[in-house]
Structures are given as C-alpha cells and as structure tokens.
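So you can see what is in the structure, the chains are spelled out below.
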Amino acid sequence: MSNTTTEKQKEADSWKSIGNRHMANKEYEEAYKAYCTAIQISPLGPSSHIFLSNRAAALLSLKRYSAASVDARRAITLAPTFGKAHARLGQSLYFLKDYAGAVAAYENAFQFEPDNQVTW
C-alpha cells in the first residue's frame, strides 16, 4: 500500500469511528454522514464493506429501509462472508415485507458469523 492509500484508509477509519460514536449516541443522521464520508474517501478499500454495513445500520435506524438494503447488498458484494451485512440486509428486507428474503439473509448471517450477536 502506498503512503497515500494508507493515509486515505486511516482517514476513512477515523470517519468510521466518528460514525460509531454518533450511533452510540443515537445521532443517526450524523452517523450516516460520517459513514458517507468514509465511503467517499475509500469506496473500495479493505474496510469499505464495514463502512457500507455501518451506513446500512444508520439507515435502518432512520427507517430508510430500501437504502439500507442497497448498502447491505453492496457490502455483501465486497465481502460475501461478512455476517453483519447479511444481518442488516435481513432487517431491511423484513421492514420491506420481503419475509422470505429476510429469512435467507439472516440464515446467511448466522452461517458466516454464528458467534456474532448481530447475526442472531
């Protein structure tokens, strides 16, 4: 990784941390914006699937279920075995009344990360 790439990844990770603090404080719109910034800085980096999955979580909290499902699917495309993204897809599909899709997504989440409480 070049210095520029490493610096961009560190900056993106910093924005993810800011988003995480906002999520913990239930400041979902601010969390969403922070994750957007992380994704803009590093759209295809080694942690981009996490940024997308976290933004999906913020969107779920904002009741923007369709947008959350898009981000969750993008995260799954980047990291097919990332259970949290499958779980967030499942939650968004549930609220979109795609119950069969939600069950399938949750089953995938549990298959890939059975020890992660987010996937239960």
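Higher on the page you've got the structure.
Residues numbered from 1 in each chain as written. Predicted model: local features only at pLDDT ≥ 70, side-chain atom pairs only at ≥ 80, totals over all residues. Heavy atoms only, no water.

The end-to-end C-alpha separation of helix α5 (residues 83-95) is 19 Å, in line with the 18 Å expected for 13 residues at 1.5 Å each. Taken as a whole, α5 has its buried residues at Gly-83, Ala-85, His-86, Ala-87, Arg-88, Leu-89, Gly-90, Ser-92 and Leu-93. In this fold, the buried residues of α5 make contact with α3 (48-61), α4 (65-78) and α6 (99-112). Lys-97 lies just past α5 and shows a positive phi near 65°. (Helix = DSSP H or I, 4+ residues; strand = E, 2+ residues; numbered from the N terminus. Expected span 1.5 Å × (residues − 1). Buried < 20%, exposed > 50% of the residue type's maximum accessible area, 1.4 Å probe, protein only. Contact = heavy atoms within 4.5 Å.)

Okay, the packing of aromatic side chains next. The way to describe two aromatic rings as a pair is by their centre distance and the angle between their planes. Enumeration according to the criterion identifies three aromatic pairs in this entry. Centre to centre, the rings of Tyr-65 and Phe-95 are 4.5 Å apart; their planes meet at 15°, and the pair counts as stacked. You can see Tyr-65 sitting in helix α4 and its partner Phe-95 sitting in helix α5, a full 30 residues away along the chain. Three or more aromatic residues link up through ring pairs in this structure, and these residues are Tyr-65, Tyr-94, Phe-95 and Tyr-99. Directly above the ring of Tyr-32 sits Arg-64, whose terminal nitrogen or CZ lies 5.0 Å from the centroid. (Phe/Tyr/Trp six-rings, centres within 6.5 Å; stacked < 30°, edge-to-face > 60°. Lys NZ or Arg CZ within 6 Å of the ring centre and 35° of its normal.)

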